[in-house]
Amino acid sequence: MHDDRNLVEARLKRVLDERIRPAVYPESVPLDVAVWHAPGEPVPVEEGLAATPEPIAPGAAWGAPWGTSWFTVTGTVPAEWAGRTVEALFDLGFDENMPGFQSEGLVYRPDGSPVKGLNPRNHWVRVGSPAEGGERVRLHIEAASNPVILGHPPFQPTHLGDKETAGTAPLYRLGRMDLAVFDETVWQLVMDLEVLGELMLELPAGGTRRWELLRALERALDAVDLQDVNGTAAAARAELTGVLSSPAVPSAHRISAVGHAHIDSAWLWPLRETVRKVARTASNMTALLEDEPDFVFAMSQAQQWAWIKEYRPEVWARVTKAVATGRFVPAGGMWVESDTNMPGSEAMARQFVHGKRFFIDEFGIDNEEVWLPDTFGFAAGLPQIIKAAGSKRLLTQKISWSQTNTFPHHTFLWEGIDGTRIFTHFPPVDTYNCSMSGREMAHAERNFKDKGTARHSLAPTGWGDGGGGTTREMVAKAARLRDLEGSPAVTWEPPADFFAKAEAEYPNPPVWVGELYLELHRATLTSQAKTKQGNRRSESLLREAELWAATAAVRTGASYPYEQLDRIWKTVLLHQFHDILPGSSIAWVHREARRTYEAVASELNGVIDAAQRALAGDGDRTVVFNGAPHTRHGVPGGGARVVSGLRGTEARVRDAGGFVLENDLLRVEIDDRGLVVSAYDLSAGRETVAPGQAANLLQLHPDFPNKWDAWDVDEFYRNTLTDLVEAEEVDLDGDSVRVRRSFGSSSVTQLLTLAGGRLDILTEVDWHETEKFLKLAFPLDVRADRYASESQFGHAFRATHTNTSWEAAKFEACNHRFVHVEEPGWGVALVNDSTYGHDVTRTVGDSGTTTTLRVSLLRAPRFPDPETDQGVHRFRHALVPGATIGDAVREGYFINLPERHVSGAASAEVEPLITVDDDAVVVTAVKLADDGSGDVIVRFHESRGGRAGVTLAPGFPVAEVVATDLLERPTGEGALSLSLRPFELVTLRLKRA
């Protein structure tokens, strides 16, 4: 037989596109359309419905950027359509290739009840099957004219990303607004042809099944009268019955389809628009659940559920009803799908506390699955946090985006820094926007790396990022793929059911130890510096607010601000979403974030001030409060004292030019370029700066990645480097050295100060560069094959060498408060108050191997925010020569939690609520229990990676000690004397006597 595959395949495509799909709606009549453009921000539903609209015709322009328009559509079902299925078709000017990324709408009935959402892949509304013609139709559409930010070509700078700069020119032209007859037989034929045609193309060219499908499709096409598609569709479907009923082979891969709409809580749209996106998607999905009995939909991010409850009670009623059936599933157990690299220890814990508690309180559901399909890599400290929250499974897909190395597993155990293991699954379909296409199904099966020992994988199915969710077409395809020869077998089921099957069939999966590093999007550790600083400072302020408010409550009987702290925590957690904290959202998002962080700081400083004043009493003596977990200047962590007589610094002129700063621990030489040429550890008699090198060196790189500007820094950025060594001023400023320099259109002022055994560096940058990357370098006279960087509840090690492609790919990585390098017996720490990105490299010279640590300060990408980071920024770093890992931990806390000086009584002395007798054990939270009982919650961990025997000493009478999980639920009897394993995390409830 001659090979006519190409002929039949091309025929199928053209007949589908030009004849069969158009026949789904064989008859239509136009609707009358009127519109009212809401001024300013979106208005309540009742206001939109009550407004007086003006007539508008298809083809007319509408929709200023970020505007809201209320369309009223009216019409009459023709009498001759009696008994036939009728749908309203609404085209707001859609590009069908961009669901979730452009205009969207939510359809309402005249009484204000929502019907369903509209997007480019879902623009129909079922009117019904009227028994008689003449039925009147009246619907309202709340349409959002959201601009396309990520267009074609992508990554082009645009001012559309902020309402303040987007202008007012209309973005869209109204398309088809019709009533139409829906021919379900033709629509089902389309589904048959699509499923079989897509499957056929994925099968081996020489395989029997491929040719069976080809011939069946050819017979179906022969059965279609192209002049009467509607009259012959049933006959065409009959030709396909045989191949559609042939069952999957027993060894077929099993795919658990989970309806999903990964909705970014902010990204190329502001937070307020996400509130509406969630309502549109939830309306769509509850409607689809009513129509499709097998369909299951999962939605993560408790914040998004809370938005529905607060802003769309009518949608919330439908959602809660669907949850009760078990088919609309709360997933993930986190407040938002946060970044996991940068959130601090407590913040990462509170993502689970607030997320899981919301689902428990609202629905009685405590899910065990962590759902993070799009997060940009996973910190090594996360597994024990997951476990401590009462969860045990993780799903993500993002690691499949790695540029260099292919991850070796799809189902495995992920082991964190303390040894905790979490059952983890990466869907081999390699997308969280699966559409049930044949290509996706075949890819999932071919790609699955655990076949032979496991056979189940998960496919998050539905349009996401900007929302939309699963469509009826996806459900129809899944129904055909349930048991179809040549294809994986597809079943709709909740995530928990998938994980139960996967665990049962794979009792001994492989183990991956350490961070799940994404070899992409590394620049998200630096972009939008003010957002990152706002996050870090909010985390520090929340620690202090809880600590001092709890101390004041126990010591003085002051009221504890439960509701205020709960609200602020949720605000901070929201802004840790994986496109806000990483700096990859539009300008509007980051402008609002800056204002939000300012308001958060003001509120928390108010809480702290009130508590400290209650504790300090009346008087004019300076009382020093130490919010860090370690003793500082004689003040215990979590306590306060009247302090005087701190150690001073000698500042003098350097013989070779520049200045010397010296105390009894450290001597630092700063040359006439403002560079640190020596940092001598007087106790150890050892130099810190690499021979012939200079530290505190600002370095400037060009920074124009191949794509994903705010997200990516590509390794070739290192090929070109400018050392900023020219100084306009190097002079003494009291006991400090002030350095000023300029470059390009920008300027830098630094203040270098000794603070005990560390060199503090305050850097102020007035930044006006574009597509540049600013680093601060410290060449260190240390030979180290690896280094430590702080992560949640501990630290992780990374190699300084590039032996393998896995190590080479980590050319930009994340740390929290410190990075530490050491040789046996002597090390150096670099601590910071607000930066995350860094790189560490090795150099071999005549004097041996040295290690260079560079922190990333600023970038200047032009997409999606063309003015990223323009303006003034302040960073604080400190170089700590001779530092052990314990010193790094301590100094990291000190730089992030400065002492507070409050006027109070001469006798003021505040004892900590909790003290520990081993500095290796760090107390990360002291607070009152969330249940309002007045019990004190203490969370602590071993911080150095070793064993620790520790005794806690409460500063108040304790009736009972209870061990709890992160949600403060009892897990067993607690004790004040414990033996901790490396990085072990413990939460105790101390019931007050």
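Use the structure listed above.
The numbers attached to residues start from 1 for each chain and follow its sequence in the written order. Totals for whole chains, interfaces and linings use all residues, but because this is a predicted model, local features are given only for residues with pLDDT of at least 70 and pairs of side-chain atoms are given and counted only at 80 or more. Calculation of side-chain values draws on the structure's entire complement of heavy atoms; hydrogens and water are dropped beforehand.

A. Here's a closer look at the side chain of His-253. Along the polypeptide, His-253 turns up in the loop between helix H6 (241–245) and strand S13 (254–259). The contact criterion used is simple: two residues touch if any of their non-hydrogen atoms lie within 4.5 Å. If we ignore the near neighbours within four places in the chain, the residues touching His-253 are Ala-444, Glu-445, Phe-448, Arg-455, His-456, Ser-457, Pro-488 and Ala-489. Helix and strand assignments follow DSSP, with helices taken as H or I runs no shorter than four residues and strands as E runs no shorter than two, numbered in order from the N terminus.

B. Spatial organisation of the sheet that holds strand S45 (residues 900–904). Paired strands are those between which DSSP finds at least two bridges. Sheet architecture is open: three strands sit in the order S24-S23-S45, paired in antiparallel fashion. Here the strands that pair on one side only, and so sit at the sheet edges, are strand S24 (639–642) and S45. Neighbour-to-neighbour, the strand axes of this sheet turn through a mean angle of 35°, independent of strand direction. In this sheet, S24 lies alongside strand S23 (residues 621–626) in antiparallel orientation, the contact comprising four bridges. Angles run from 0 to 180 degrees between N-to-C directions of axes, and those axes are lines fitted to C-alpha atoms, restricted for helices to the stretch in contact.

C. Region of the structure containing unusual backbone geometry. The step from His-152 to Pro-153 runs through a cis peptide bond, and the omega angle for that step is 0°. Looking at the element boundaries, Pro-153 is found in the loop between strand S10 (136–145) and strand S11 (172–173). Of note, the amide linkage connecting Phe-863 to Pro-864 takes the cis form, showing an omega dihedral of 5°. Positive phi, close to 65°, is recorded for Phe-155, a residue that is not glycine. Inspection of the secondary structure assignment puts Phe-155 in the loop between S10 and S11. On the basis of relative accessibility, which here comes to 14%, the residue Phe-155 falls in the buried class. The cut-offs for exposure are 20% and 50% of the maximum accessible area for each residue type, with area from a 1.4 Å probe on protein chains only; residues under the lower value are buried, those over the upper are exposed, and the others partly exposed.

D. The arrangement of the pairing of strand S32 (residues 729–733) in detail. Where S32 lies against strand S33 (residues 736–743), five bridges are found, and the strand directions are antiparallel. The residue bridging Leu-732 from the neighbouring strand is Val-737, located in S33. Connecting S32 to the next strand, S33, in antiparallel fashion are two residues, including Gly-734 with a positive phi near 70°.

E. Main features of the environment of Gly-744. Tracing the backbone through its elements, the reader meets Gly-744 in the loop between S33 and strand S34 (746–755). Separated by 423 residues in the primary sequence, Gly-744 and Lys-321 place their C-alpha atoms 60 Å from one another.

F. Expanded view of the packing of aromatic side chains. Within 6.5 Å between ring centres, the rings of Phe, Tyr and Trp (the latter by its six-membered ring) count as paired, and their orientation is classed by plane angle as stacked under 30 degrees, edge-to-face over 60, tilted in between. According to the stated counting rule, one finds 37 aromatic pairs in the structure shown. Plain terms: the ring middles of Phe-155 and Phe-863 are 5.7 Å apart, the flat faces sit at 80° to each other, and that makes the pair edge-to-face. Taken together, the residues Phe-155 in the loop between S10 and S11 and Phe-863 in the loop between strand S43 (848–859) and strand S44 (871–881) connect sequence positions 708 residues apart. Of the two residues, Phe-155 and Phe-863, both sit in the buried class. Through pairs of rings, three or more aromatic residues link up here, namely Phe-295, Phe-297, Trp-305, Trp-316, Phe-328, Trp-335, Phe-358, Phe-359, Phe-363 and Trp-492. A cation over an aromatic ring shows up here: Lys-398 above the ring of Trp-401, its NZ or CZ 3.3 Å from the ring centre. Charges are assigned to positions over rings by a cutoff of 6 Å between ring centre and Lys NZ or Arg CZ, combined with an angular limit of 35 degrees from the ring normal. Above the ring of Tyr-893, the side-chain terminus of Arg-817 is found at 3.9 Å from the ring centroid.

G. Highlighting helix H17 (residues 587–616). Take the residue count of a helix, subtract one, and multiply by 1.5 Å to get its expected span. Given a rise of 1.5 Å per residue, 30 residues ought to cover 44 Å, and the 43 Å separating the end C-alpha atoms of H17 matches this to within 8%. Residue Gly-617 follows H17 closely and has a positive phi angle near 80°.

H. Structural view of helix H19 (residues 885–896). Compared with the 16 Å implied by 1.5 Å per residue over 12 residues, the 17 Å span of H19 between its first and last C-alpha is a close match. Burial within H19 is extensive, with 11 of its 12 residues counted as buried. For H19, every residue scored as buried is listed here: Ile-885, Gly-886, Asp-887, Ala-888, Val-889, Glu-891, Gly-892, Tyr-893, Phe-894, Ile-895 and Asn-896.

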